[in-house]
Amino acid sequence: MKQKIQYLDNQFKRIWLGKQIPRDILIGAHGVDFETAYESFIFFHTACGFSGTRLFYHLLLDFEPGLVDPFLARQIGIEQCGYLQQLNAMFVWGVHCTVQGASHPHIHVVINSRLPLQGKKLQIKKKNIFAHKVWANQVLQRYGLPLITMDSQDDWEEDNG
């Protein structure tokens, strides 16, 4: 989990059209301070007894090259995370601009699997994924972007912990 959070803050992934974008524009957090996110995530797991094996979820929102710039990717990503905010989830996010030499923005979200206000596990199951896709498509539609297909198989595993 620590490496995944640190990966969000990769300075080499903040280069757009040959220029470095300031860090504070392309990383952020909800319910936690980005600088202490790992410690906070672990604190809530420890306080609640570490039930289950999943400590976090990793969400990736990727855009085809040429559709958005990093600033619009950030805005769309934050709106997409409104779904997680409704669940009272604690998460950090980072926009990356560079992938294998091809510049196109995408956003990573690392979500604590503990809901700190409830002290319960956040369990993302197929029905949650479907609801999040509906929410995401409403956001994408407002920006005139291609929608997420609803029939593709998701990689998320059911977590009973």
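None of the values given here were measured: they were computed from a predicted structure. (Residues numbered from 1 in each chain as written. Predicted model: local features only at pLDDT ≥ 70, side-chain atom pairs only at ≥ 80, totals over all residues. Heavy atoms only, no water.)

(A) Seen up close, the nonpolar core. Formed by 28 residues in total, the largest nonpolar core has its most connected members in F63, I76, L84, F91, V109 and I111. The set of elements that each furnish at least two residues to this core consists of β4 (56-62), α4 (70-80), α5 (82-86), β5 (91-99), β6 (102-112) and α6 (126-142). Top contributing element to this core by residue count: β5, with four residues. (Core = buried A, V, L, I, M, F, W, Y, C linked by side-chain atoms within 4.5 Å. Buried < 20%, exposed > 50% of the residue type's maximum accessible area, 1.4 Å probe, protein only. Helix = DSSP H or I, 4+ residues; strand = E, 2+ residues; numbered from the N terminus.)

(B) Seen up close, α6. Counted at 1.5 Å a residue, the expected span for α6 with its 17 residues is 24 Å, and the 25 Å between its end C-alpha atoms agrees. Considered for burial, the residues of α6 that qualify are N128, I129, H132, K133, A136, N137, V139 and L140. Buried residues belonging to α6 abut β4, α4 and α5. Downstream of α6 by a residue or two, G144 has a phi angle that is positive, lying close to 70°. (Expected span 1.5 Å × (residues − 1). Contact = heavy atoms within 4.5 Å.)

(C) Quick peek at the environment of G28. Within the fold, G28 resides in strand β3 (residues 27-30). Given the relative accessible area of 12%, G28 is considered buried. Sequence-wise, G28 and F91 are 63 residues apart; in three dimensions their C-alpha atoms are separated by 8.7 Å. With residues near it in sequence (within four places) discarded, G28 still touches F34, V92 and W93.

(D) Region of the structure containing a nonpolar patch on the surface. A cluster of nonpolar side chains, F130, V134 and M150, forms an exposed patch at the surface whose accessible area comes to about 250 Å². Within the secondary structure layout, F130 lies in helix α6. On the accessibility criterion, F130 (48% relative accessible area) is partly exposed. (Patch = residues over 30% accessible without salt bridge, like charges linked within 9 Å, V, L, I, M, F, W, Y side chains within 5 Å. Areas by Shrake-Rupley, 256 points an atom, 1.4 Å probe, with all protein chains shown as cover. Salt bridge = Lys/Arg side-chain N within 4 Å of Asp/Glu carboxyl O.)

(E) Region of the structure containing helix α3 (residues 37-47). Within the span of α3, buried status applies to A37, S40, F41 and H45. Looking straight down α3, one finds its buried side chains confined to an arc of 135°; they lie on one side. α3 presents F43 and A47 as exposed residues on the side facing more than 90 degrees away from its buried surface. G49 lies just past α3 and shows a positive phi near 90°. (Arc of directions from axis to C-beta.)

(F) Representation of the environment of Q20 within the structure. For Q20, the position within the fold is in strand β2 (residues 19-20). Separated by 77 residues in sequence, Q20 and C97 have C-alpha atoms that sit 10.0 Å apart. Each residue touching Q20, except ones within four places of it in the same chain, is listed here: Q11, R14 and I15. Separated by 2.8 Å, the side chain of Q20 and the backbone oxygen of Q11 make a polar contact. (Polar contact = N/O pair within 3.5 Å; in protein donor to acceptor, adjacent residues only side chain to side chain.)

(G) Fine view of the side chain of K13. One can find K13 in the loop between α1 (2-8) and β1 (15-16). Excluding residues that lie within four positions of it along the chain, K13 makes contacts with Y7, V95, H96, C97 and T98.

(H) Structural view of unusual backbone geometry. Of note in the backbone geometry, L17 takes a positive phi value of approximately 50° without being a glycine. Structurally, the position occupied by L17 is in the loop between β1 and β2. Taking the relative accessible area as the measure of exposure, L17 reaches 69% and is therefore exposed. Not every positive phi belongs to a glycine, and N88 is a case in point at roughly 65°.

(I) Fine view of the packing of α4 against α6. Between α4 and α6, the least distance of the axes is 9 Å, while the angle of their chain directions is 145°. For the crossing formed where α4 meets α6, the hand is right-handed. Taken together, the residues of α6 that come into contact with α4 (itself represented by I76, E79 and Q80) are H132, W135, A136, V139, L140 and R142. By residue class, the composition of the contact of α4 with α6 is five nonpolar, two polar and two charged. (Axes fitted to C-alpha atoms, helices over the stretch in contact; angles between N-to-C directions. Left-handed = near helix turned anticlockwise from the far one by under 90°. Nonpolar A, V, L, I, M, F, W, Y, C, P; charged D, E, K, R; others polar.)

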